[in-house]
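Now for the letters of each chain:
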Amino acid sequence: MRWFDLVRVVHSTLYIQALWTYEKMLSVGYTICLLPFALRWFKDTEAQKEFLNRNLDFFNTHPYMVSWIVGASIKLEEESQKTGTPSLEQQLRFRRRMSEALAAIGDQLFWNRIKPLTALLGALYALYYGPAGIVIFLVAYNIPHFYHRIAGALIGYREGFNVMKVVSNKRYNLILSRLLSFCAFIAGSAFVLAADSPFVTSMGERIAFVGSAAITLVSLRYGRAVPEILILLLLGGTFIGFILN
Amino acid sequence: MITSEASLFYCFLFGGIVSADSDAAWQTMISQPLVACSVAGALLGNVTLGLTVGVLMQLPFLAEIPVGGVRLSQSNLASFVAALLALRLCQAYPGLTNSVLFFSLFLGVFFSWVGALQKQWLRQINLFIAVRAERAVKDGHCGRLPFYNYLGVFNAFLSGCLFVAIFFALGVNLLPGVLDLMDARFERAFSFAKPILLGAGLGAVLKIFVKRKTVSLATLGAALSTLFVFMKG
């Protein structure tokens, strides 16, 4: 693999969900990520076809974490072509294990921590100081995002099987736990700062703010859908506001 | 200033980018309400109003976690439509800012619910393209794979443009009839929309972050912020 091929792999990971389906999830996107390698390594069409076909099986993981698997899988395939090991079965097992582990890590890290945290910080900053909050949100979010996309492919390709140690559950669990503590602290602070923001000026509005926060919290715990909660809050809040006025 | 049709056309195109960035490509978060609604504000000449809609629509939908194949509302595109409606109607009804904001946000939330269907259709078309992509590999035409992949991105882009255009047209034709009925009493009552949505957003964030073991830290954060607010006066 040349350096430029790895750049193409990273670029392909940006579109990995383009053909997401319920049936095979990310399988087509994953196969497309392997295409630069297939075109470089296999000179005849039959070998390319055979290699890509066996990667078209069901595949699902977190879209940002896929780079780790793609990089490592390319390395394993190279080794397999040169030395005969690891076997196809070993490669498939590695892919399955990594995809499951990284799906859980990625969902927790990005969807449950980094995205809500950076969006909260951005929105809170925007509440007080205007559009600069957008920049804070985009920069704070995309640094870890692109780190995983780029470093995943590079380190994955360098380490092969050993990438499992780099992105181990043990290591990420520590990060996730500390990040959750930090996020909780920020959420507590944000609640008070938002209650004192330019959007909440009178006592009546403060009561509406706290009340809707409490109702949302409880409703989400009972599994209600977000639009459903918001529609009810908007209608109910306005009705009360209308009566009070 | 009346919004030019060219600006609206750019907004519909940006709706396509919002749709593509939401799932199919990049996922750099430019599709998030905070960013997309502000872009709508910049395109239609009122960044502050766009940002207001963005802040209000951003936080509540954070509670929706896109894991696996779970069906979520179409919050990004719907928030973008809400911002466009607010921006467009605020020019026509300058004395009814709260009412315009309320009805735009209300329709935005409603569209996010209905718009979940758009995702289903998008995935049906994706399946159609994915089957052809797989067939291309099986037939040995591996070089065609990127074409099919970009077709998937284009599919998302086009459906986003259509979503924004259709729901915007619906809202902009529906809301003036309602807004004509509004008076000062309604206008005062609708001022609660902002704290309600902001409160719902914070409630959603607390739901994500506050667990049994982190309650103390959240309380500490709230206590320190309260102290800060009192000291600030």
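Since this is a predicted model, take the numbers as computed values, not measurements.

Engineer: Residues and numbers for the overall build of chain A, please.
Structural biologist: Secondary structure assignment for chain A yields 10 helices and 0 strands. Relative to the 2.2 N^0.38 estimate, which gives 18 Å for 245 residues, the radius of gyration of chain A is 23 Å and therefore markedly larger than a compact globule would have. For chain A, the C-alpha atoms occupy an extent of roughly 80 × 30 × 30 Å along the three principal directions. Burial statistics for chain A: of 245 residues in total, 50% are counted as buried. Residue pairs at least 24 apart in sequence account for 68% of intrachain contacts in chain A once pairs closer than 6 positions are excluded.

Engineer: Give a detailed account of the overall build of chain B, specifying residues and quantitative values.
Structural biologist: If you tally the helices and strands in chain B, you get 10 helices and 0 strands. Expressed as lengths along the three principal axes of its C-alpha atoms, the size of chain B is roughly 70 × 50 × 25 Å. Within chain B, buried positions represent 58% of all 233 residues. Across chain B, the fraction of contacts at a sequence separation of at least 24, relative to all contacts at a separation of at least 6, is 76%.

Engineer: Describe unusual backbone geometry, with residues and values.
Structural biologist: Cis geometry is found at the peptide bond from T85 of chain A to P86 of chain A, where omega equals -5°. Relative to the elements of secondary structure, P86 of chain A occurs in the loop between helix 4 (66-83) and helix 5 (88-129). With phi around 55°, Q27 of chain B is a residue other than glycine that occupies positive phi space. Looking at where Q27 of chain B falls in the secondary structure, it is placed in the loop between helix 1 (5-24) and helix 2 (33-44). The backbone of M29 of chain B sits at a positive phi, close to 80°, despite the residue not being glycine. Tracing the backbone through its elements, the reader meets M29 of chain B in the loop between helix 1 and helix 2.

Engineer: Give a detailed account of the interface of chain B and chain A, specifying residues and quantitative values.
Structural biologist: Contacts between chain B and chain A engage 83 residues on the former and 82 residues on the latter. Looking at which element gives the most residues to the side of chain B that touches chain A, the answer is helix 9 (residues 193-209) of chain B, with 16 residues. For the side of chain B that touches chain A, a count of residues per class yields 55 nonpolar, 19 polar and 9 charged.

Engineer: So what's going on with the confidence of the model for chain B? Which residues, and what values?
Structural biologist: Residues and elements named next belong to chain B. Of the residues in chain B, 98% have a pLDDT of 70 or more, and the chain-wide mean is 94. Across chain B, the secondary-structure element scoring lowest on mean pLDDT is helix 8 (residues 184-189), at 91, and the one scoring highest is helix 3 (residues 47-58), at 98. As scored by the predictor, the complex reaches a pTM of 0.96 and an ipTM of 0.96.

Engineer: Explain the packing of helix 8 (residues 169-195) of chain A against helix 10 (residues 215-232) of chain B to me, and be specific about the residues and the numbers.
Structural biologist: In the contact formed by helix 8 of chain A and helix 10 of chain B, the axes pass within 7 Å of each other and the chain directions differ by 35°. Once helix 8 of chain A is placed against helix 10 of chain B, the crossing between them reads as right-handed. Facing S181, A184, F185, I186, A187, G188, S189, F191, V192 and L193 of chain A of helix 8 of chain A, the residues of helix 10 of chain B in contact are L217, A218, T219, L220, G221, A222, L224, S225, T226 and V229 of chain B. Residues belonging to the contact of helix 8 of chain A with helix 10 of chain B are distributed by class as follows: 13 nonpolar, 7 polar and no charged.

Engineer: Outline the packing of helix 1 of chain B against helix 2 of chain B, listing residues and values.
Structural biologist: Residue and element names in this part refer to chain B. Taken N-terminus to C-terminus, the directions of helix 1 and helix 2 make an angle of 165°; their axes are 10 Å apart at the nearest point. Between helix 1 and helix 2, the angle falls in the class roughly antiparallel. Considering how the two elements wind past one another, helix 1 and helix 2 form a crossing that is right-handed. Residue-level contacts link S7, Y10, C11, F14 and V18 of helix 1 to A36, V39, A40, L43 and L44 of helix 2. Within the contact of helix 1 with helix 2, the residues separate by chemical class into 9 nonpolar, 1 polar and no charged.

Engineer: Quick one: what's the story with helix 6 (residues 116-138) of chain B, residue by residue and with numbers?
Structural biologist: Given a rise of 1.5 Å per residue, 23 residues ought to cover 33 Å, and the 33 Å separating the end C-alpha atoms of helix 6 of chain B matches this to within 8%. Where helix 6 of chain B is concerned, the buried positions are Q118, K119, L122, R123, N126, I129, A130, A133, E134 and V137 of chain B. Contacts from the buried residues of helix 6 of chain B go to helix 2 (27-41) and helix 3 (45-53) of chain A together with helix 7 (145-179) of chain B. Where helix 6 of chain B terminates, the next one or two residues include G140 of chain B, which has phi positive at roughly 85°.

About the cut-offs
Residues numbered from 1 in each chain as written. Chains lettered and ligands numbered in written order. Predicted model: local features only at pLDDT ≥ 70, side-chain atom pairs only at ≥ 80, totals over all residues. Helix = DSSP H or I, 4+ residues; strand = E, 2+ residues; numbered from the N terminus. Rg over C-alpha atoms; globule rule 2.2 N^0.38 Å. Buried ≥ 20, exposed ≤ 12 C-beta atoms within 10 Å, placed from the backbone. Contact = placed C-beta atoms within 7 Å. Nonpolar A, V, L, I, M, F, W, Y, C, P; charged D, E, K, R; others polar. pLDDT = per-residue confidence, 0-100. Axes fitted to C-alpha atoms, helices over the stretch in contact; angles between N-to-C directions. Left-handed = near helix turned anticlockwise from the far one by under 90°. Parallel < 35°, antiparallel > 145°, perpendicular 65-115°, else oblique. Expected span 1.5 Å × (residues − 1).

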